[in-house]
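# Coordinate analysis (summary)
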Amino acid sequence: MFQQTPKFIIMAVAALSMVVPQAQAITPSPQMIEQFKNLPASEQQRLAKQYGIDPSVLGGSNNSQQNLENPQLVQPRVTNEVVDHSKDAENEFNFAQDKQKSELKRFGYELFQGEPTTFAPVSDVPVPSEYLVGPGDRIKVQLFGKESKEFDLMINRDGTIQFPDLGPIVVAGLSFAELRETLSQRIQKQMIGIESNITMGELRSIRIFIAGDAYKPGSYTVSSLSTITQALFVAGGVNEIGSLRDIQVKRNGKLVGSMDLYDLLMRGDASGDIRLRSGDVVFIPSVGGLVSIDGEVRRPAIYELKANETVDDIVKMAAGVKPGSYPKSSSIERYNNNGLRGIVNVDLTSAAGKATKAQAGDFIRVKNASSRFEDAITVVGAVVRPGRYQWSEGQKISDLLPSIWGDLAISADLNYAIIIRELNRYGDIEVLQFAPAKAIGDKLVEQDLTLQPRDKLMFFNYSDESVSRYELNKLVKERLEKITSLTSDSLIGNDLFGAGFAELDKMKLLKRNNIAGIVVTESDDETETDVLKQEESELVSSEVKKMLTNLFDDKELIKLSNVMGRNELLYPIIEKLTVQANAKSGAPVVAINGKVRHPGIYPLAKKAKISDLVLAAGGLLEGAYSARAELTSTVLEGEYSTVKHTDINLKAALSGQVESNETLQSRDILTVMTTPDWQENKTVEIRGEVKFPGIYNIRRGEKLSDVIARAGGFTQYAFLPSSVFVRESVRQQEQIEIKKLADQLRRDIATRGVSKDGNVVNYSDAQLMLKDLENIKAVGRLVVDLPAISVGIEQADLQLENQDILYVPSTKETISVMGEVQHAATHRFKEGLTFEQYLAMSGGVRKRADDDRTYIIKANGSVMMPSRSMWFSSAAELSPGDTIIVPLDTEYKDSLTLWTQVTGIIYNTAVAISAISGI
């Protein structure tokens with residue numbers, strides 16, 4: 001049977017529900033909780049649900065074990081309440097002098113990033129043996145043995161408990177351990193055969209005061225077990241100007257204890273966290289001196305200073321220095337008596353430096369160690385494991401990289417690599433050249449050079465197109481995204497690094513730029529910067545320049561240097577050599593262009609000869625003229641300089657003949673010429689009605705009639721007047737002209753808002769026409785008279801170029817009508833019909849047609865105006881395959897002067913595409 005709910009509980013709960021708003025849960029008193037515990041679980045849940053009581057405070061039934069949890073008494077602080085105080089504190093102690101200082105935070109204050117939500121005392125926590133009991137504490141006594149009883153006894157105001165059958169017992173001033181011992185002995189003596197178990201029940205609450213620079217100063221009701229730190233949390237902690245290092249406890253006007261929170265936060269020492277008593281005052285004084293420490297320490301912050309503390313103490317507060325620090329060169333920014341800041345150098349590795357007294361307002365900066373490596377060898381480029389290596393006395397290249405197959409990349413150039421060597425303490429460098437195959441593979445003495453400390457070895461890929469640059473471009477993109485966001489979708493998938501270097505190369509290095517007096521001919525290769533917008537191109541170039549300049553100090557870039565191109569790797573070397581040049585000695589750089597694999601500017605290696613420069617450029621290309629090359633030198637004659645050209649027997653120089661293999665000088669340029677009458681592989685294509693259509697190789701000067709003959713001539717179905725001849729160079733020129741025309745049309749639309757007669761321009765039509773024009777892809781049709789060529793007229797013949805294409809259609813029996821007609825269509829050709837009759841067959845011209853300017857595109861691509869003479873018939877002018885074009889009336893289109901050109905291009909392109917697609 002369930003117990004009946006006591007009327008006391010129902011009345012109490014009902015009364016509370018009338019006072020407390022329904023949105024808040026009722027907090028029952030301890031007496032109510034004890035009564036709830038005696039009820040069945042179902043009855044507890046019913047009352048809790050009906051009256052909004054939090055079930056977690058009920059604690060379950062008598063037999064259930066309570067779960068001890070720390071109540072959440074603190075919520076995040078309201079930021080707008082502390083903004084002004086923080087600014088005042090920063091200005092007062094002058095810790096916002098620069099960005100780096102303003103980023104420092106006061107140590108320890110993040111512990112109190114909240115404010116109290118309730119003043120309820122903390123209960124249900126373990127009671128230590130030394131706890132002093134007092135009035136209001138409850139003692140639970142369980143008797144077992146001859147009798148089984150339970151008592152919940154409360155200590156009265158006079159310090160006694162009323163124990164049934166034993167009478168009043170004085171317990172005031174006893175610790176919990178002493179109370180337990182006293183009661184156990186009393187029960188054992190006076191109640192024979194009965195054992196006891198004594199525990200603490202509900203603890204009394206005490207009233208304390210939190211004063212001074214607390215976040216929420218005031219009077220608080222806390223548990224009798226509360227300590228200084230618990231009281232601080234209840235009050236929301238310390239405000240912005242409160243001290244963490246001198247928190248005082250005053251009892252009856254006397255100081256009974258103090259606590260330095262740094263002991264707890266840094267060393268875990270809670271010995272000063274004394275237990276509070278009723279009436280105690282926790283006083284938080286204002287902060288004392290503040291010292292900032294930044295740089296190479298583990299915990300940079302602003303720390304509170306106590307009397308007689310040294311710089312070493314502050315460094316220990318910051319958890320010590322980092323491994324990458326250089327404490328010997330630390331500094332202190334300190335105010336002098338005149339209110340001005342000065343710098344005090346401190347050696348934190350010496351006893352005197354550590355003993356330096358810290359002063360309020362000091363800013364200690366622990367410097368970082370140099371990023372340079374002492375006695376290290378750096379290897380970059382086409383190697384398996386680029387990076388830094390240990391140097392040892394007498395070490396050679398083959399000692400560092402003993403295997404070509406195991407240490408060099410499979411794409412490595414085995415004929416050219418360099419060593420960059422420091423000459424002096426100013427960082428001036430010189431370059432040594434060697435062949436990896438001879439140094440590592442053959443171990444030749446003159447090639448297997450002895451290394452010196454801080455040497456940098458650079459290896460190159462034989463072909464820059466043989467490596468994947470995905471990771472390199474990913475790195476560039478990540479770094480660019482940190483600066484700004486890329487806006488062009490066209491950048492996705494492109495070679496950002498290569499495009500950036502090409503733009504940098506164009507602006508700064510190889511594209512007709514005079515560096516140290518060297519002029520290199522502009523390359524014919526197209527760069528990838530066409531896909532970049534101007535601002536993005538400059539951004540990529542800037543980032544690539546920064547990356548390349550810091551190549552040997554950038555760990556990520558060193559790791560990815562094995563996929564970089566030759567010019568990219570050499571960029572920082574060329575820049576450095578150019579910078580260290582002076583009036584007496586020019587920059588030690590040379591250049592090579594012409595028929596070599598990698599033309600460009602190269603560092604002048606020590607004792608380098610012509611053959612070394614050719615090897616640096618990757619060797620000669622097919623078609624290079626080895627019998628003669630030209631060496632251009634700048635010769636100083638007194639106060640003037642002259643340019644000298646020397647013919648070089650390149651074949652003899654490459655074979656090592658001393659008289660031809662001259663030693664190079666600064667700013668020399670070697671030009672490797674092309675073999676006379678040399679041509680690359682060139683092809684043309686013939687399609688349609690020839691006996692052997694296909695692709696044919698051609699020689700220089702070969703004509704169209706020659707290739708037609710090689711193709712077996714025309715078939716019997718070939719219709720020569722309708723042939724279409726397409727040339728790539730013409731297509732490129734036409735595309736340029738279309739772009740110019742589109743730009744001009746765009747300007748006309750913008751500037752001619754109203755025509756001469758006052759009519760407003762129809763912008764929708766204009767924009768539609770402009771869009772059509774921008775989308776046109778030029779065909780590159782060149783008019784040829786194939787019937788004349790077929791009969792052997794030399795004046796009609798045409799000299800061929802690479803990638804020319806000839807379309808020879810089959811016999812046509814149609815006439816097309818296009819443009820401003822009612823129904824554009826293709827009609828069957830009938831002998832004797834005039835172009836007016838064909839226009840009538842298409843429904844006649846439209847209102848906006850300019851029929852006076854109607855023209856005919858002949859089958860061979862030529863254009864003619866129809867004759868309107870009464871003596872001659874226009875029927876004689878038409879032939880199968882022709883197209884009649886009726887253009888738009890330009891006066892009808894608001895006096896825009898370009899409409900005739902635009903419509904003509906659109907119609908002519910359409911005719912050419914139609915002719916090609918029909919084959």
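What you are looking at is a predicted structure, and each value in this text was computed from that prediction instead of being measured. (Residues numbered from 1 in each chain as written. Predicted model: local features only at pLDDT ≥ 70, side-chain atom pairs only at ≥ 80, totals over all residues. Heavy atoms only, no water.)

### Looking at the sheet that holds strand β10 (residues 247–251)
Within the open sheet, the five strands sit side by side as β9-β8-β12-β10-β11. Their pairing is mixed. With one partner strand each, in any of the chains shown, β9 (218–223) and β11 (254–259) form the two edges of the open sheet. The sheet shows a mean angle of 30° between the axes of neighbouring strands, taken without regard to direction. Alignment of strand β8 (residues 205–212) against β9, held across six bridges, turns out to be antiparallel. The partner of isoleucine 208 across the bridge, within β9, is tyrosine 220. (Pairing = 2+ DSSP bridges. Helix = DSSP H or I, 4+ residues; strand = E, 2+ residues; numbered from the N terminus. Axes fitted to C-alpha atoms, helices over the stretch in contact; angles between N-to-C directions.)

### Description of the pairing of strand β17 (residues 363–366)
The alternating pattern of β17 places Phe363 and Arg365 and Ile364 and Val366 on opposite faces, both of which are buried. When strand β15 (residues 330–335) meets β17, the two strands line up antiparallel, connected through three bridges. Bridge pairing in β17 links isoleucine 332 to isoleucine 364. (Buried < 20%, exposed > 50% of the residue type's maximum accessible area, 1.4 Å probe, protein only.)

### Examining the side chain of lysine 858
Topologically, lysine 858 is positioned in the loop between β35 (855–857) and β36 (863–864). Accessibility expressed as a relative area gives 16% for lysine 858, which makes it buried. In terms of polar contacts, lysine 858 uses its side chain to reach the side chain of serine 879, at 3.3 Å. In this structure the side chain of lysine 858 is engaged in a polar contact, spanning 2.7 Å, whose partner is the side chain of aspartate 882. Dropping the residues within four chain positions of it, lysine 858 is found in contact with Met864, Glu877, Leu878, Ser879 and Asp882. (Polar contact = N/O pair within 3.5 Å; in protein donor to acceptor, adjacent residues only side chain to side chain. Contact = heavy atoms within 4.5 Å.)

### Remarks on the confidence of the model for the protein chain
Of the residues in the protein chain, 74% have a pLDDT of 70 or more, and the chain-wide mean is 78. By mean pLDDT, helix α4 (residues 83–93) is the weakest element of the protein chain at 42, and strand β22 (residues 456–461) is the strongest at 96. Confidence over residues 1–5 falls short of pLDDT 50; this stretch has eleven contacts with residues more than four positions distant or in other chains. Note on residues 893–897: pLDDT is under 50 here. Beyond four places in sequence and across chains, it has 18 contacts. (pLDDT = per-residue confidence, 0-100.)

### Some words on the sheet that holds strand β24 (residues 600–603)
For sheets, the rule is that strands pair by backbone hydrogen bonds, running either parallel or antiparallel. Ordered in space as β24-β23-β27-β25-β26, the five strands form an open sheet in which the pairing is mixed. One side of each edge strand has no neighbouring strand; the edge strands of this open sheet are β24 and β26 (640–648). Between one strand axis and the next, the sheet turns by 20° as a mean value, whatever way the strands run. In this sheet, β26 lies alongside strand β25 (residues 624–637) in antiparallel orientation, the contact comprising nine bridges. Paired with leucine 636 across the bridge in β26 is serine 641. Docked against the sheet, helix α18 (residues 566–579) engages β23 (589–594) and β24, running at close to 60° with respect to β24.

### As for the environment of valine 783
Mapped onto the secondary structure, valine 783 falls in the loop between β31 (781–782) and α24 (786–790). With a relative accessible area of 44%, valine 783 lands in the partly exposed category. The sequence separation of valine 783 and valine 863 amounts to 80 residues, and the corresponding C-alpha distance is 9.8 Å.

### What about the pairing of strand β14 (residues 301–305)?
By the criterion of burial, β14 is predominantly enclosed, with five of the five residues buried. Connecting strand β13 (residues 289–295) to the antiparallel partner β14 that follows it, the hairpin turn spans five residues.

### Considering the nonpolar core
One broad rule of soluble globular proteins: the nonpolar side chains tend to lie buried together. Grouped together as the largest cluster of nonpolar side chains are 55 residues, with contacts concentrated most on Met458, Ile592, Tyr602 and Leu670. The dominant element in this core, judged by the number of residues it contributes, is α18, at six residues. In contact with isoleucine 592, other than residues within four places in its own chain, are His598, Pro599, Gly600, Tyr602, Leu613, Val614, Ala617, Leu670 and Val672. (Core = buried A, V, L, I, M, F, W, Y, C linked by side-chain atoms within 4.5 Å.)

### Here's the deal with unusual backbone geometry
Within the chain, asparagine 252 stands out as a residue other than glycine whose phi angle is a positive 55°. Relative to the elements of secondary structure, asparagine 252 occurs in the loop between β10 and β11. Positioned with a positive phi, lysine 607 is a non-glycine residue whose angle comes to about 60°. Mapped onto the elements, lysine 607 comes out in the loop between β24 and α19 (610–616).

### Describing the packing of aromatic side chains
Each aromatic ring pair is summarised here by two numbers: the centre-to-centre distance and the angle between the ring planes. Inspection of every chain in the model, using the stated rule, returns seven aromatic pairs. Here tyrosine 262 and tyrosine 303 contribute two aromatic rings whose centre-to-centre distance is 6.4 Å and whose plane-to-plane angle is 90°, an arrangement assigned as edge-to-face. Residue tyrosine 262 is located in helix α8 (residues 261–267), and its partner tyrosine 303 is located in strand β14; the two are separated by 41 residues in the primary sequence. Looking at tyrosine 262, the relative accessible area reads 1%, which means it is buried. Of the residues examined, tyrosine 303 reaches a relative accessible area of 0% and is grouped as buried. Relative to tyrosine 602, the ring of tyrosine 416 has its centre 6.2 Å away and its plane inclined at 75°; by these criteria the two rings are edge-to-face. Here the residue tyrosine 416 occupies a position in strand β20 (residues 412–422), and tyrosine 602 occupies one in strand β24, the gap between them amounting to 186 residues. By relative accessible area, which is 1% here, tyrosine 416 ends up buried. Linked through ring pairs, Phe107, Tyr262 and Tyr303 together constitute an aromatic cluster. The aromatic ring of phenylalanine 283 is capped on one face by lysine 250, whose charged end is 5.1 Å from the ring centroid. (Phe/Tyr/Trp six-rings, centres within 6.5 Å; stacked < 30°, edge-to-face > 60°. Lys NZ or Arg CZ within 6 Å of the ring centre and 35° of its normal.)

### With respect to α18
Taking 1.5 Å of rise per residue, the 14 residues of α18 would be expected to cover 20 Å, and the 20 Å separating its terminal C-alpha atoms lies within 8% of that figure. Those residues of α18 that fall on the buried side of the exposure criterion are Arg566, Glu568, Leu569, Leu570, Tyr571, Pro572, Ile573, Ile574 and Leu577. (Expected span 1.5 Å × (residues − 1).)

### Some thoughts on the pattern of salt bridges
According to the stated counting rule, one finds 28 salt bridges in the structure shown. The salt bridge involving arginine 385 is made with aspartate 407; its shortest N-O contact spans 2.7 Å. Taken together, the positions of arginine 385 in the loop between β18 (376–381) and β19 (387–390) and aspartate 407 in helix α12 (residues 404–407) put the pair 22 residues apart, joining distant regions of the chain. Given the relative accessible area of 45%, arginine 385 is considered partly exposed. A salt bridge links aspartate 882 to lysine 858; its shortest N-O distance comes to 2.7 Å. In this pair, aspartate 882 is assigned in the loop between β36 and β37 (883–886) and lysine 858 in the loop between β35 and β36, connecting sequence segments 24 residues apart. For the pair aspartate 882 and lysine 858, a shared accessibility class is recorded, and that class is buried. (Salt bridge = Lys/Arg side-chain N within 4 Å of Asp/Glu carboxyl O.)

### A look at the side chain of arginine 421
Along the chain, arginine 421 turns up in strand β20. Within the local environment of arginine 421, its side chain forms a polar contact with the backbone oxygen of threonine 450, the two atoms lying 3.0 Å apart. What arginine 421 contacts, discounting residues up to four positions off in sequence, is Asp428, Ile429, Glu430, Leu432, Thr450, Leu451, Gln452 and Asp455.

### Let's talk about helix α6 (residues 176–190)
For α6, which comprises 15 residues, the first-to-last C-alpha distance of 21 Å matches the rise-based estimate of 21 Å (1.5 Å per residue) to within 8%. Along α6, the residues classified as buried are Phe176, Leu179, Leu183 and Ile187. Buried positions in α6, seen along its axis, are confined to an arc of 60° and lie on one side of it. Facing away from the buried side of α6 by more than 90 degrees, the exposed set consists of Gln188 and Lys189. Residues of α6 that are buried make contact with β3 (138–145), β5 (160–163), β6 (167–170) and β7 (194–200). (Arc of directions from axis to C-beta.)

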